[in-house]
Structures are given as structure tokens and as C-alpha cells.
Amino acid sequence: MAGERRVLTLGGKGSSLSSASVFEFAIASPPMLLKIDPSALARLSSAPSNQKSSSPPFKFQQSVPDFLTPEEARASILLLLYKILLGGSSSSSSTASQLSDILNNETQTPTIDLDVARQDDLYLLNSCWPGVALHGICALLDHTASSLATVADAVAALSCEALKADASTAFNFFTDSGDGSSDKDRVAVANDFKVLLNGSKLRGNLQCDQVYNIPIIHGRLRSLCKSVHSSTRVELNSIPSAGGGASEDLTALLSSLAFALQNLGDSSWTRAKLCLQNLAKDNLFPSLAESFSAGCPDLDSLKASINSFVSSKMEKSYIRSLHEIYNLSEAVRKILSWEATVSFISLEGSELMENGQVGTQVKEDIDGVSAKSDKKKDKKKKVMGKGTTVLMQFIKDRLQSVPSKVVDSSALPERVAQGFLSFLDLKDPGFEHLLQKVKDVVDSNESRRLPKLPKGTRDFAKEQMAVREKAFSIIGNVFKRHGAMALDTPVFELRETLTGKYGEDSKLIYDLADQGGELCSLRYDLTVPFARYVAMNGLTSFRRYQMAKVYRRDNPSKGRYREFYQCDFDIAGDETIAADFEVVKILTELLDELNIGDYEIKLNHRKLLDGMLDICGVPSHKVRTICSSIDKLDKQSFDQIQKEMIEEKGLDAKTVEKIGSFVKLRGHPLKLLLELKKEGSEFLTNDASNQALKDLEKLFQALDNSRCVDKVVLDLSLARGLDYYTGVIFEAVFKGATQVGSIAAGGRYDNLIGMFGTKRVAAVGVSLGIERVFTIMEQLQKDEKQALRASETQVLVSILGDDISLAAKLVSMCWDAKLKAEFMANKRLTKHFDRAKEFGIPWMVIVGEREINEGIVKLKNKEAKVEVEVPTSNFVDELMRLMNDNAAAAAAASR
């Protein structure tokens, strides 16, 4: 029945307290009735107590700060009661009942006055009061900020419509790159706005920061709301403690929220002013600007709230500091209400006034009752986005429920402002309906949203495909130059084929669901499948190359993907150092011909590494796991690795210190090799490292004779974490501005093929991480402003009309001559020129009505300034002659 008080029950078994329930209880009118679950009182009665009851009882008196709003005070007292239920003693049930009575008293009390049976209960109340007051206000802020974040999206979308902003450019900039470098909340905001504005015809050319920054400002608020909500949920339901550290930590977190709210208010206020300026240009609603100035908080008021918050925080008055943020949120709510008012009037005000649709007449028009609207006016109606249209209709309906005595059309702004200030009030029962409507609009379009990529993957657009195909062509030619033959293997292998080959990186293998009794996994690299192929087919010698995708369940980052191409070259059946030399030489040729810029190839020998660890005193069973630690030195400092080796892997400090002295050794291969081979060197006394030094001497001499040794650096910290390496190991690193990490790697793996149960076949290979090379090449093109054609089309056959049969005849003549050609039939010559310019097509065969009548075609190359008319019968021969002449002239000019 009307006026019946709703009930909030605290302390039920398995229940918890949420920010939404705290907010609802604090603002309810009439006040909600509080009940304590009997099970909670039973738990208190059975709780242990270290102190016998005494008489008379202790008194707990606490004044509620007079600067708190009524809802802040009620939220704080509610939290105090809840903490008593969570952490009180057997005598606390009386205290809980007294607090319940205070909250159920409709008259607000400025002082909490309680009789407490035990001194430890009194201590609990005194110690936890400051914290629960903070948590109570924090709960209100959590709910308020989250609600404002949702409503702010809808209001800003209406502003974009009213301003006719270039929203598509602004929001298309924020997309998920798939490599983990995108801000998820910014992308989510941009996607929501695309849904709200989908189908809008009001998009214009307005470009301003207040539109472009919406994903940044709103995304930051969303992110902070999630953090605040997570922390608040924990604090609300934790057992009370006497420490003050949580208060400082909570206030620090809410500091960021305060500044995010200020930015939201600034942005909203500025968009509202831009809408007002547009109305002023058209001399519409002059009184609206006055009402806005009088009723809307200005930017100075937001700044004043921030200053008050900072001042209170510096004074460690944490309760007042959070109160100032709550005041700030109320000011931002009012600004959003005024932005909505101005946007609504900008979009609908003129139409409502022309039709006399103010006061009660608005409702009639909305319900379709008005018989005066005609079709002509309907045609002129503004076409808004599908999402904003639904919201506008909802807003119109809601405005009718707001009581108003305004009947004069000149007072429409006042009436609309009253309406928005009312139903954008979080305390208004209708606010939840608005909130739900915004969520419904966004969610209802979920199926129509642009799909997005899985994390760690990417699409290759036409321009990027051109870069990729160019790179693949260069790489394939280098591999073939060295006698390699192509091989392709399945994208997935039996799980047993892959396991036990990658050391600690095995956790990154993508396992597939059981299909028909076989356990399979996506291939992690191309080397193990190659080894499986060689073993399965009994091969003893094979030079192969493969360029294919591999999959790793890694954390995406800049240049690091979960699906990416590898370009591999391997030599199986040659255990001499000559094969190692050729593989390293191939890598230098690849990187030189790809022309990516400066790079270095870090090189080491697995036996040199094993000997080094043996010299340092590392037990043999820990060698592989220590190699995995050393392999992280390109990403972490030695101090971090030192801590890992001592605390997690059990090495003593002296051993780790000696490892540190060795892994710092790096330099020119020939010079550092001489140092390592000096008389008295510990490496010469170890069989493994001594053999490695002999191998490296032969390798470096060969690289020196091939004039590429200067590209190589001997680096004793290079470990390569994969278990199957047995000899030379190397890794190429790009030294330019684009930071992508390792771009290629490889080494000798003499035992891998034999692991598949066949005879031992020595092998060595290199793998180029082409995705990272793409990143470098794309960046170089941007920096050098290189234009790369996505299409290789040489000729555009342009028919000035709609004669498709003629187009088919002429373009087929080009195709028969093996020319790369396209055709287009359109009456407008400019369309043909635009097509040629967009795709960089150099030659055009133009045929209009005159050319048809005279039996000729016009051959045109705008860049070469060539334009000739030739007979249709032999135009292909003439075209090819002109193309050859033009190519020869270009080649001569480039010499």
C-alpha cells in the first residue's frame, strides 16, 4: 500500500552488504525499516567473550559530524551496525538492537548514544567508527559514480547529436588492437557510442576535444568505478579492525575518482555551452542561457570542491574529504542534467514550440493523438541514431510525469530543466528506470555491434597485406637461394608430439578439446613438426623452409601475439659447423634485404652455457631451469633474476654471484673469444665449454670471411629457454626506435629428431618472427611517408556509360595479354579518375560515345603525362609499348 515502508534485513547467513543496498537504505523516503536476521543475533550470543559483564554499563557516545548529509549519516550508522554483527561479542546483541532502533527512528539523531555491556565492545565501537563512516560514504560514492558513468554516456550521445559532431572519426580511433596495448574501457565506451549513434543522419564536421575525449574521460571513469567497487565490496563485508591504514588507502583510491568526476563535469559543461552557442546563433530560447547560468554549477564550483577535498585529505580529515567528493558528484549530476536539458531542447525544442507542444499537449503528440501533424513535417524530422531515438522517446514520456505549471511556450526551457533535474536525481524512483533503459538500449544492440578480434590476434588490411606479401617474397627468395624446399605441416599436432620439448614454455601450448579420442594441441612452433616429419619419413638429409602460423597462449603486448607467422629455414643431416655458419648467414641476408634498419645477432653456444654453469657450481639437475631464468635477462634486471635463482630455485648466493660475473660478458665475437681462450681461463678446463670455444672459433672465422661477423655479438647471457637446443644458439634484436624485442632466433638441435624414436639426425635452423618485422616495416613506412599500393592493377578500362558487353570485350583483351586490369562502367568521368587515384592505377583506357563512333580508345597516364588515341583493334599492343617505354624512362632517371 502507499507509504508502506520497505525492509532491509541484515546479517542473514551467507548474505553480504552491497553499495546499492546501502544507497537504497540511506536515501529511501519514507525511510526503510531495518531488521536484524535472527541467525545474526544467535551468532552474537554464541560468540566468545574475554570479559565478564559489569554494572553499570559503559557509555558509547559519538556525534555524527554535522557536515554530513542525512544519507551519509544513515549509511555510516548502518555500517556501524553491520560491523557489530560481523565482529561483535556475545554481549553485542544489545548494542546491535539499540543501533537498529536509532535507524528505525524516522527522526534523525545528531548523536549515537549507546549502553555497552563490556569494555571490549566499547573499544570495538570507538576504534571502528571512523572507518565505518568512511566506508558508508564510500558505498554511496561507489553507487553514485557507477550510475553517473552510465547516464553520462547517454547524455553525451545526445550532445553529439545536437552538436552534429564528427563522432565517427572520434570513436573509430578507439579500437581493440588485439595485442594487449589497447585500453579496454576506452574501447568499450567507443563501442557503446557507436551503438547509440548508429544510423544517425545528424553527423557533421564539428571536431572538438569535448567529443574526441569522451572515450578517454568516460573510459577512465569506468575503470576507476570498477576499482572503487571492488575495494568497497571488500571493505563493507570485512570484519572490523582498529588500523587506520585502510582509511588512507581508500582515500588515495578515491582521489583518482574525484579528479575523474571533475573531468567528466568539465567535459559535460563545455558541451552544454557549445549547444547554447549554437542556439544563440539561431536566436532560439534566449532565456535558456540565463537559466543555465543561474542553475548549473560552473567549472569554478567543481574546482572549489576538488580544493576542499585535497585540503581535507592533507589534514587527514578523511571523513570530510570523502564528503567533499560526494558533494562533487552531486554537482556533476546537476551539470549532466543541464547538458541533457540543453541537448534535448536543441534537438526537439523548435518542433515542440511550432506545434504548441508544451505542458499537457506534449503528451498528446507523443502518444500519436495529435491530428495536426502532417506528412511534410514528418519528412523534415531529424533522423537520430537508433539508440538515441529510443532514449529521446523515453525522455519525452518521462517528462510528462514531472509536475509543472508551465503552459507558456516561452517557458519551455524551464519546464524541461525541471524535468531533467528531477529524473536525473539518483534519489528519484524514476532514475533506476532511466538507468535500465540506457543499459537496455546498449544491450539490445549487442548482436548488431561490430564484432571484435580475440586477444592477441590481428587482421591484415589491404595495405598491410601488401607489406606482408612483399616480406614473404623477399624471405622466400633468400631461402630458395640456399637450396631450400617448401614444406607444410598440420596446424595442430598430437599433444604427445609437442610436450616435453619447450621446457617451462610448455604452459603456453594451446590444447584442443578431445575430438574422437585424440588429444591434440595447436603447434607452438614449426621446428618440432619439422622434426616429427623428418623422423616419421625416415629422412637423413633435408633443407626445408616453411612460412606458416603458430600459436602461443602468451600475454599479448606490443609486437607479441597469440597467433603469428614464423618463417623457418632448417638443415637436417649436417652436424658440421658449416651448417651453423650458413644459417646465421641466411639470417643476415634476410634482415639486410628486408631493409628494416640496424640490428644485431646475439650468439652463444649451449655447451658454453652448460660449461659456465658447471664452473659456477650449478647442479646438473638444475641446469635447464637456471637457463630459463638467465633467458629472462633481456626483460628483467639481474637483481630480479638473482632473487628468483636463490629464493625459488635454491641456488646459494655465491653461485649466483659467479653466474652474474659471467653473463655480463658480451662483445665482438673475435675479440671476446680471444679473452675466453686466454691461458688460465676456466672455460678451457671444462670439456663442454672447451668444445664450444673450438666450434665458435670455426664459426666466427667463416662469418668473418663472409663479411657479416660485425653483425654478430657474442653474449654469454643468451640462454634460449627451449629444451631441444644442443649447440650454437642465436637471437636477432632490432636496434631501431620501434621496440619489438627479438625478431628472429634459432640454433642447433641435434637430438630433437631422435626423440621421436628414430635414429639421431643432426639439425640446425633459424626462425624469423615475421609479425614483429611487419611492425617495424609499417612504422618505417609511416615515418618515411612511403606510399604502398595494395593493388597491382596496371590498367583501368573506363567505359563512359553502361555498356558492360563492351567493357567485357576490352578488358578481356588486356587479360589475354597477361595485363593486370580492372573495368568500370559509369557515365561520370570523375568516378573513373577517382577509382584510378584511390588504387594507384597508372593507365586508363577511356571509351566514350565519340570513341565508340570513331572506333578508337584513349590511353591515358596522368602521372607520366601521356594521352594518345589509338584504334580499338590493336590498343593492347600500343598500350604495352607505352608501358615499356615509360618503365625504361623511369629506370634511366633513377640511375
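Summary of the structure given here.

About the cut-offs
Residues numbered from 1 in each chain as written. Predicted model: local features only at pLDDT ≥ 70, side-chain atom pairs only at ≥ 80, totals over all residues. Heavy atoms only, no water. Buried < 20%, exposed > 50% of the residue type's maximum accessible area, 1.4 Å probe, protein only. Helix = DSSP H or I, 4+ residues; strand = E, 2+ residues; numbered from the N terminus. Pairing = 2+ DSSP bridges. Axes fitted to C-alpha atoms, helices over the stretch in contact; angles between N-to-C directions. Parallel < 35°, antiparallel > 145°, perpendicular 65-115°, else oblique. Left-handed = near helix turned anticlockwise from the far one by under 90°. Contact = heavy atoms within 4.5 Å. Phe/Tyr/Trp six-rings, centres within 6.5 Å; stacked < 30°, edge-to-face > 60°. Salt bridge = Lys/Arg side-chain N within 4 Å of Asp/Glu carboxyl O. Nonpolar A, V, L, I, M, F, W, Y, C, P; charged D, E, K, R; others polar.

As a further point, take the pairing of strand β15 (residues 763-769). In terms of burial, β15 is largely enclosed, as seven of its seven residues are buried. The alternating pattern of β15 places Ala763, Gly765, Ser767 and Gly769 on one face and Val764, Val766 and Leu768 on the opposite face, and all of these are buried. Strand direction decides the pairing type here: strand β9 (residues 563-572) and β15, joined by seven bridges, are antiparallel. When the sheet's bridge partners are listed, phenylalanine 569 is paired in β15 with valine 766. When strand β14 (residues 742-748) meets β15, the two strands line up antiparallel, connected through five bridges. Residue glycine 746 lies in a different strand from β15, and its bridge partner there is valine 766.

Before going further, it helps to examine the packing of helix α22 (residues 577-594) against helix α28 (residues 687-705). Relative orientation and spacing of two packed helices are given, respectively, by the angle between their axes and the distance between those axes. Where α22 meets α28, the axes come as close as 9 Å, and the angle between the chain directions of the two elements is 45 degrees. Considering their axes alone, α22 and α28 lie oblique with respect to each other. When the axes of α22 and α28 are compared, the crossing they make is right-handed. Residues Ile577, Asp580, Phe581 and Val584 of α22 touch α28, and the partners they reach there are Asp695, Lys698, Leu699, Ala702 and Leu703.

Let us now look at the environment of leucine 672. Mapping leucine 672 onto the fold places it in helix α27 (residues 669-676). Take leucine 672: its relative accessible area is 10%, and that puts it in the buried class. As a C-alpha pair, leucine 672 and valine 713 span 41 residues in sequence and 9.1 Å in three-dimensional space. With sequence-adjacent residues up to four places away left out, leucine 672 is seen in contact with Leu665, Arg666, Gly667, Leu714 and Leu716.

Our focus in this paragraph is the packing of aromatic side chains. Applying the stated criterion to the full structure yields 15 aromatic pairs. Between tyrosine 724 and tyrosine 749, the aromatic rings sit 5.8 Å apart at their centres with planes inclined by 65 degrees, giving edge-to-face as the arrangement. Remark: tyrosine 749 occurs in the loop between β14 and β15 and tyrosine 724 occurs in the loop between β12 (712-715) and β13 (728-734); sequence separation between them is 25 residues. Here the aromatic residues Tyr502, Tyr524, Tyr724, Tyr725 and Tyr749 are joined through ring pairs into a cluster of three or more.

Our next topic: the pattern of salt bridges. Tallied over the full model, the rule gives 41 salt bridges. For aspartate 580, the salt bridge identified is with arginine 748, shortest N-O distance 2.7 Å. Of this pair, aspartate 580 sits in helix α22 while arginine 748 sits in strand β14, and the two are 168 residues apart along the sequence. As far as the burial class goes, aspartate 580 and arginine 748 line up, both buried. A salt bridge links glutamate 697 to lysine 677; its shortest N-O distance comes to 2.6 Å. In this pair, glutamate 697 is assigned in helix α28 and lysine 677 in the loop between α27 and α28, connecting sequence segments 20 residues apart. Glutamate 697 sits in the partly exposed class, given a relative accessible area of 30%. Here the salt bridges do not stand alone but share partners, grouping Glu575, Asp580, Arg748, Asp750 and Arg760 into one network.

Here the focus is the packing of helix α5 (residues 119-163) against helix α7 (residues 184-197). Taken N-terminus to C-terminus, the directions of α5 and α7 make an angle of 55 degrees; their axes are 10 Å apart at the nearest point. In terms of orientation, α5 and α7 fall into the oblique class. Crossing of α5 over α7 shows right-handed handedness. Mapping the contact onto sequence places Asp153, Ala156, Ala157, Cys160 and Glu161 in α5 and Val189, Asp192, Phe193, Leu196 and Leu197 in α7. Taken together, the residues that form the contact of α5 with α7 break down as seven nonpolar, no polar and three charged.

Moving on: the sheet that holds strand β19 (residues 856-861). Within the open sheet, the five strands sit side by side as β17-β16-β18-β19-β20. Their pairing is mixed. The open sheet has two edge strands with one neighbour each: β17 (821-825) and β20 (866-871). Each neighbouring strand pair of the sheet contributes to a mean axis angle of 20 degrees, computed without reference to strand direction. By the bridge criterion, five bridges tie strand β16 (residues 795-799) to β17 in an arrangement that is parallel. Across the sheet, the residue bridging to valine 795 is alanine 821, located in β17. Strands β16, β17, β18 (843-847) and β19 of the sheet are contacted by helix α30 (residues 804-816), whose axis makes an angle of about 170 degrees with β17.

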